[in-house]
Amino acid sequence: MATASHWLSFIVFLPLLGVPALLCLRDEDHVWIRRVALVVSLVEFVISLFLLPGFRMGQPDYQFVEYANWIGNAIHYHIGIDGLSLFLVLLTTFLTPLAILCSWTSIHENVKGFFIAILVIETAMIGVFVSLDLFLFFLFWELTLIPMYFMIGIWGHDRRIYAAVKFILYTMFGSILMLVAILWLYNLSNAHGTGTFDLPTLQAQLQHGIISLPPTTELLLFCAFFLAFAIKVPLFPFHTWLPDAHTEAPTAGSVILAGVMLKLGTYGIMRFCLPLFPYAAHRLAHIIGVLALIGIIYGALVATIQPNFKRLVAYTSVSHLGFVILGIFSFTTISFQGAIFQMISHGVSTGGLFLGLGMIYDRRHTYEIKEFGGLVNPMPIIMAFYLFIALSSLALPPLNGFIGEFLILIGVFQYHHVWAAFASSGAVLSAIYLLWSYQRVALGEVTVEKNRSLTDASGRERVILVTIALAILFMGIASPLFTRRMEATTDNLVRQTQIEGARQDAKAPPPTRIAPPAPTGFGAAHSAGNRLTPAAPAQARLVNATTAAQVNP
Amino acid sequence: MMDLVHALTGMPVIIALLGLLIAWWFYIKSPETPKKLAQSVRGLYTLVLHKYYIDELYNTVIVQPLLWISTNVLWRVIDEGAIDGTVNGIGRGMRESGAHMRQIQSGNARSYATWVVIGAVGVTVLMLGIWEMVR
């Protein structure tokens with residue numbers, strides 16, 4: 001691997017390389033357009049797997065780092081991954097081929113444009129997960145919106161224009177505030193030396209008090225970042241774009257939206273909000289935790305009574321992502337690990353639910369639950385796999401959903417008993433909406449005559465379903481393979497968000513509730529101590545990072 | 001102490017044996033007894049037949065109210081009414097204020113001159129104000 005030091009860049013931009021290849025094909029050549037898109041995304045998945053052997057466990061610093069000057073002295077092309085972004089990158093490369101496969105026959109118009117949009121989204125999403133420069137991050141963040149806007153607006157269902165506009169306005173509103181916060185941070189660092197958009201540098205400057213933030217400023221900056229991410233997650237009450245966008249998007253769009261795009265929000269909170277503004281995070285943790293709890297229960301209740309099957313599954317995301325937010329704002333190693341695991345697991349499970357729904361839609365062209373009933377009779381394979389995926393989504397042990405939810409609940413319980421009690425009710429409610437809807441759709445006699453003649457899964461659909469089911473089972477059984485690689489990062493995050501003694505700021509009295517001492521993670525070696533370890537100065541860190549990149553195989 | 005243990009363990013055994021006896025009585029000895037019993041104590045019979053109406057009670061007290069609240073309060077009022085209403089309302093407000101604002105652009109050159117003067121005065125006042133603040 002001669003290009004080892006540019007491995008990550010290669011992963012980021014490979015899908016984009018597929019775009020000119022697709023452009024060279026004739027518009028009507030649907031077969032080859034699909035094939036090229038699939039091959040590109042499969043190659044992308046395979047090469048992204050090579051990140052795993054190269055990834056060193058127990059290493060809290062960023063790995064596969066690439067660093068170059070880009071615009072002026074302030075903006076750098078700085079990318080790298082750690083235990084948080086590694087699996088999100090893999091999730092993206094895993095789901096994209098499935099999204100392409102599920103659009104094989106259901107997309108008839110503008111086929112070329114559709115697959116180009118998917119590939120551009122893939123590059124943009126991976127870019128978001130690996131960017132270590134705020135400017136670069138914002139660029140990729142915005143880049144995810146445009147193809148998704150077209151995907152919903154062009155290839156969506158009946159109310160697609162409304163849903164697409166709502167989606168983009170909601171998200172843009174949040175990202176504009178984030179842009180202001182990014183510029184503000186840059187100016188703050190500019191006032192104390194050379195201004196930079198570099199995340200590790202800014203983080204070190206904040207931790208060492210080189211940039212000192214008055215509590216109000218920190219709160220405002222935190223809120224500006226957080227709002228952008230909260231809309232994306234989505235946290236109650238910023239969620240109403242989600243049911244519309246998910247329901248109106250084509251199947252591939254829903255898979256990408258629910259599978260990966262929602263995690264851009266939770267990822268952003270863990271990458272930026274917590275380590276940069278730990279005081280503000282602790283000050284607002286109570287409000288955010290309550291909103292997350294409302295989201296868990298509210299999303300579940302509203303999902304239960306939806307007459308539209310796809311809308312039902314869309315609302316479950318509000319509930320499940322509430323768990324992730326709750327885990328993040330419990331500030332414990334185990335809940336951080338649970339949050340990351342739940343992000344991945346939700347991506348696979350809910351992505352799988354949407355893939356199953358897409359197969360039903362391809363046959364019946366409706367999502368109304370009353371149009372179904374007894375579907376297990378004409379299509380046993382699809383409905384059996386759908387049940388399996390639904391069970392993983394409602395956190396049945398030993399499937400993947402259980403691990404994430406369980407880790408989160410353990411962590412939340414350490415931080416706040418009452419939260420854990422309310423959150424657990426979400427687990428019960430998820431059983432209600434998923435099993436009740438499954439009962440009405442799949443079990444019993446066929447109630448609508450049209451459904452009697454539906455065909456069961458084709459070979460292509462079986463590949464999709466089996467892949468998802470295997471991933472679900474693997475994540476459930478082999479969860480230590482995942483959590484072990486997150487440990488160093490989550491331990492580090494716990495240290496960074498620990499606020500006692502981290503920064504003596506006379507004007508900012510520490511909030512009454514302080515984070516509990518870092519518990520040992522899921523099988524983690526006991527960390528030496530819970531005090532803030534003096535991080536290397538900013539410049540030294542950069543040097544470390546760049547040398548690490550060269551050493552990296 | 002042993003007596004208590006015997007009483008506690010003995011009781012279920014006796015009850016189980018009683019059950020066996022009753023079952024033998026109802027199903028083998030005289031199968032017509034249950035029907036007669038059902039007729040003589042009709043109230044008790046229907047109560048037991050409907051499992052003490054626990055399912056019905058649960059359905060009326062918990063399930064239906066929860067579904068009703070979820071549909072009519074959480075979904076219709078909060079989700080579609082309050083949140084979406086606000087979001088869509090802002091959009092509608094923008095469109096409507098835009099529709100009013102464009103009346104200014106009347107195509108009448110003399111009215112434009114007036115607007116230019118008003119604008120110039122406004123900008124001047126604003127600049128002076130900012131200048132004062134900065135100084």
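Residues numbered from 1 in each chain as written. Chains lettered and ligands numbered in written order. Predicted model: local features only at pLDDT ≥ 70, side-chain atom pairs only at ≥ 80, totals over all residues. Heavy atoms only, no water.

1. What to know about the interface of chain B and chain A
- Of the residues lining the interface, twelve residues belong to chain B; the matching set on chain A comes to 18 residues.
- When the two sides are added together, the surface that chain B and chain A hide from each other amounts to roughly 1200 Å², 66% of it contributed by carbon and sulfur.
- The tally of links between chain B and chain A comes to one salt bridge.
- Close ionic contact of Asp84 of chain B with Lys166 of chain A constitutes a salt bridge, the shortest N to O distance being 2.7 Å.
- For the pair chain B and chain A, the interface holds seven residue pairs in polar contact (both at pLDDT 80 or more).
- Considered class by class, the residues forming the side of chain B that touches chain A number seven nonpolar, three polar and two charged. (Contact = heavy atoms within 4.5 Å. Buried area = accessible area lost by both parts, 1.4 Å probe. Salt bridge = Lys/Arg side-chain N within 4 Å of Asp/Glu carboxyl O. Polar contact = N/O pair within 3.5 Å; in protein donor to acceptor, adjacent residues only side chain to side chain. Nonpolar A, V, L, I, M, F, W, Y, C, P; charged D, E, K, R; others polar.)

2. Points about unusual backbone geometry
- In this structure, the amide linkage connecting Val233 of chain A to the following residue, Pro234 of chain A, adopts the cis form with an omega of -5°.
- Positionally, Pro234 of chain A belongs in the loop between α9 (215-232) and α10 (241-248).
- The peptide bond linking Pro397 of chain A to Pro398 of chain A adopts the cis configuration, its omega dihedral lying at 5°.
- Positive phi values are uncommon outside glycine, yet Lys51 of chain B reaches one of about 50°.
- By secondary structure assignment, the location of Lys51 of chain B is in the loop between α3 (42-49) and α4 (54-101). (Helix = DSSP H or I, 4+ residues; strand = E, 2+ residues; numbered from the N terminus.)

3. Details of empty space enclosed by the protein
Residues and elements named next belong to chain A.
- Summed over the entire model, instances satisfying the criterion amount to nine cavities of 30 Å³ or more.
- What the largest cavity holds in volume is close to 160 Å³.
- Surrounding the largest cavity, 15 residues form its lining, Tyr62, Asp82, Arg271, Asn492 and Gln496 being those nearest its centre.
- With four residues, the top contributor of residues to the lining of the largest cavity is helix α19 (residues 479-497).
- Here the residues of the lining of the largest cavity are counted per class, giving seven nonpolar, four polar and four charged. (1 Å grid on protein atoms, 1.4 Å probe; cavity = no way out; pocket = protein on both sides within 12 Å on 5 of 7 lines; lining within 4 Å. Points joined across faces, edges and corners; volume = space filled by probe spheres on them.)

4. Observations regarding the state of the cysteines
Residue and element names in this part refer to chain A.
- This structure, assessed with the given rule, holds zero disulfides over all chains.
- Left without a disulfide partner, Cys223 is nearest to the cysteine sulfur of Cys273, which lies 8.9 Å away.
- Judged by relative accessible area, Cys223 falls into the partly exposed class, the value being 35%. (Disulfide = S-S within 2.5 Å. Buried < 20%, exposed > 50% of the residue type's maximum accessible area, 1.4 Å probe, protein only.)

5. Considerations on the pattern of salt bridges
- With the rule as written, the count across this model stands at twelve salt bridges over all chains.
- Between Lys51 of chain B and Asp55 of chain B there is a salt bridge, with the nearest N and O atoms lying 3.6 Å from each other.
- A residue is classified by how much of its surface remains accessible, and Asp55 of chain B, at 47% relative accessible area, is partly exposed.
- Salt bridges sharing common partners tie together Arg159, Lys166, Asp244 and Arg311 of chain A together with Asp84 of chain B.

6. Details of the pairing of strand β1 (residues 63-71) of chain A
Residue and element names in this part refer to chain A.
- Note that β1 and strand β2 (residues 75-81) share six bridges and pair antiparallel. Bridge assignment links Glu66 to a residue of β2, and that residue is Ile79.
- Linking β1 to β2, which pair antiparallel, is a turn of three residues; within it Gly72 sits at a positive phi near 60°. (Pairing = 2+ DSSP bridges.)

7. Some details on the environment of Ile432 of chain A
Residue and element names in this part refer to chain A.
- Examined against the element boundaries, Ile432 turns out to sit in helix α17 (residues 417-442).
- Along the backbone, Ile432 and Leu291 are 141 residues apart, and their C-alpha atoms lie at a distance of 22 Å.
- Residue contacts for Ile432: discarding those within four places in its chain leaves Thr304 and Ser437.

8. Considering the packing of aromatic side chains
Residues and elements named next belong to chain A.
- Under the criterion given, the structure shown has 33 aromatic pairs over all chains.
- Here the aromatic rings of Phe329 and Phe331 are separated by 5.9 Å at their centres, their planes lie at 80°, and the arrangement is edge-to-face. For the pair formed by Phe329 and Phe331, the shared burial category is buried.
- Ring geometry for Phe474 versus Phe482: centroids 6.0 Å apart, planes at 65°, classification edge-to-face.
- On the accessibility criterion, Phe474 (46% relative accessible area) is partly exposed.
- Taken together through their ring pairs, the aromatic side chains of Phe137, Trp141, Phe225, Phe229, Phe272 and Phe277 make up a single cluster.
- Sitting over the ring of Trp141, Lys232 keeps its end group 5.2 Å from the ring centre. (Phe/Tyr/Trp six-rings, centres within 6.5 Å; stacked < 30°, edge-to-face > 60°. Lys NZ or Arg CZ within 6 Å of the ring centre and 35° of its normal.)

9. Some details on the layout of surface pockets
- Of the voids in this model, the largest pocket is the one considered here, and its volume is about 620 Å³.
- Leu169 of chain A together with Val87, Asn88, Ile90 and Gly91 of chain B are the residues nearest the centre of the largest pocket, which is lined by 19 residues in total.
- Sorting the residues of the lining of the largest pocket by element identifies α7 (160-191) of chain A together with α4 of chain B as the ones contributing at least two each.
- The element best represented in the lining of the largest pocket is α4 of chain B, accounting for ten residues.
- Split by residue class, the lining of the largest pocket holds 13 nonpolar, three polar and three charged.
- Empty space within the second largest pocket amounts to approximately 400 Å³.
- Every residue lining the second largest pocket is counted, 17 residues in all, and those nearest its centre are Leu49, Leu52, Leu90, Phe474 and Phe482 of chain A.
- Broken down by secondary-structure element, the contributors of at least two residues to the lining of the second largest pocket are α2 (30-49), α4 (85-102), α14 (333-364), α18 (459-477) and α19 of chain A.
- Top element by residues in the lining of the second largest pocket is α18 of chain A. It accounts for five residues.
- Within the lining of the second largest pocket, the residues separate by chemical class into 15 nonpolar, one polar and one charged.

10. Quick word on the environment of Thr71 of chain B
- Mapped onto the fold, Thr71 of chain B is located in helix α4.
- The exposure class assigned to Thr71 of chain B is partly exposed, which follows from its relative accessible area of 22%.
- Spatially, the C-alpha atoms of Thr71 of chain B and Gly89 of chain B are 22 Å apart, while their sequence positions differ by 18 residues.
- Setting aside residues no more than four positions away along its own chain, Thr71 of chain B makes contact with Ile305 of chain A together with Arg76 of chain B.
- Only 2.6 Å separates the side chain of Thr71 of chain B from the backbone oxygen of Leu67 of chain B, close enough to count as a polar contact.

11. Thoughts on α4 of chain A
- Given a rise of 1.5 Å per residue, 18 residues ought to cover 26 Å, and the 26 Å separating the end C-alpha atoms of α4 of chain A matches this to within 8%.
- Counting buried positions over the 18 residues of α4 of chain A gives 18, a clear majority of the element. (Expected span 1.5 Å × (residues − 1).)

12. Some remarks on the confidence of the model for chain B
Residue and element names in this part refer to chain B.
- Summarising the model, chain B shows a mean pLDDT of 87, and 97% of its residues fall at 70 or more.
- The secondary-structure element of chain B with the lowest mean pLDDT is helix α2 (residues 33-40), recorded at 82, while α4 shows the highest, at 90.
- For this predicted complex, the interface score ipTM comes out at 0.74, while the overall pTM is 0.84. (pLDDT = per-residue confidence, 0-100.)

13. Focus: the nonpolar core
Residues and elements named next belong to chain A.
- Counting residues in hydrophobic clusters, the biggest one holds 201 residues, and the most contacted among them are Phe167, Phe222, Phe225, Phe329 and Met383.
- The leading source of residues in this core is helix α11 (residues 251-276), at 16 residues.
- Among residues more than four places away in sequence, those in contact with Met383 are Ile360, Leu375, Val376, Tyr438, Val441 and Ala442. (Core = buried A, V, L, I, M, F, W, Y, C linked by side-chain atoms within 4.5 Å.)

14. Describing the environment of Ala300 of chain A
Residue and element names in this part refer to chain A.
- Among the structural elements, Ala300 can be located in helix α12 (residues 278-304).
- A C-alpha to C-alpha distance of 9.2 Å links Ala300 and Ala427, two positions 127 residues apart in sequence.
- If we ignore the near neighbours within four places in the chain, the residues touching Ala300 are Gly295, Ser319, Leu429 and Tyr433.

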